[in-house]
Amino acid sequence: GPKRDYVELWCARNIKRGDFVAGLATITSKTRGASYYLCGFMHEIAGSAPVMTGLIDNWFLHSQKNGVRYVHLGDFWNHGRPESWKGFSNFKAKFITHYLFHKPPILFRFAY
């Protein structure tokens, strides 16, 4: 797995109650100038507050401040993927400036 030095955890807390209401985890390589979104959560008690927007904005600003040129939001929904991905994919799309479509090569296995 990744070294702890590369994993960054970002959380949003309800100041009055003290509860964490959202969070996200990233892996950042300063030598490669890239940061990757691993996973996130948002609890229903966050309500309609734009906490994930704030967390991603904070991640972008932190990355830029630290010389990270590329932030990668992970996979997006496409045909054949679970329908439950659509909502979060639409949310992530609001932050994207360039889409990269990667189709893995076909793998062959030769048996003797």
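No experiment lies behind these values; they were computed from the predicted model shown.

## Digging into the overall build of the chain
Piece 1. Along the backbone of the chain there are 2 helices and 4 strands.
Piece 2. Summed over all atoms, the accessible surface of the chain reaches about 9,200 Å², with 57% contributed by carbon and sulfur.

## Quick look at helix 1 (residues 51–65)
Turn by turn, an α-helix covers 3.6 residues, leaving residues three or four places apart pointing in a common direction.
Piece 1. In this model, helix 1 (15 residues) spans 21 Å end to end at C-alpha, consistent with the 21 Å of a helix rising 1.5 Å per residue.
Piece 2. Residues V51, M52, L55, I56, W59 and S63 constitute the buried set of helix 1. With its buried residues spanning 135 degrees around the axis, helix 1 presents them on a single face. Residues Q64 and K65 are exposed on helix 1 and point more than 90 degrees away from its buried face.
Piece 3. Of the surrounding elements, those touching the buried residues of helix 1 are strand 1 (7–13), strand 2 (20–29), strand 3 (34–42), strand 4 (70–72) and helix 2 (85–93).
Piece 4. A positive phi of about 75 degrees marks G67, the residue just after helix 1.

## Structural notes on the sheet that holds strand 1
Piece 1. Pairing is mixed in the open sheet, where 4 strands are placed in the order 1-2-3-4. Two strands close off the open sheet at either side, each with one partner strand: strand 1 and strand 4. Shown here is a sheet whose adjacent strand axes are inclined to one another by a mean of 25 degrees, direction ignored.
Piece 2. Bridging between strand 1 and strand 2 involves 7 bridges; their strand directions are antiparallel. Bridge pairing in strand 2 places R13 opposite F20.
Piece 3. Running over the sheet, helix 1 touches strand 1, strand 2, strand 3 and strand 4 and is turned about 25 degrees from strand 2.

Each value, and the rule that gives it
Residues numbered from 1 in each chain as written. Predicted model: local features only at pLDDT ≥ 70, side-chain atom pairs only at ≥ 80, totals over all residues. Heavy atoms only, no water. Helix = DSSP H or I, 4+ residues; strand = E, 2+ residues; numbered from the N terminus. Areas by Shrake-Rupley, 256 points an atom, 1.4 Å probe, with all protein chains shown as cover. Expected span 1.5 Å × (residues − 1). Buried < 20%, exposed > 50% of the residue type's maximum accessible area, 1.4 Å probe, protein only. Arc of directions from axis to C-beta. Contact = heavy atoms within 4.5 Å. Pairing = 2+ DSSP bridges. Axes fitted to C-alpha atoms, helices over the stretch in contact; angles between N-to-C directions.

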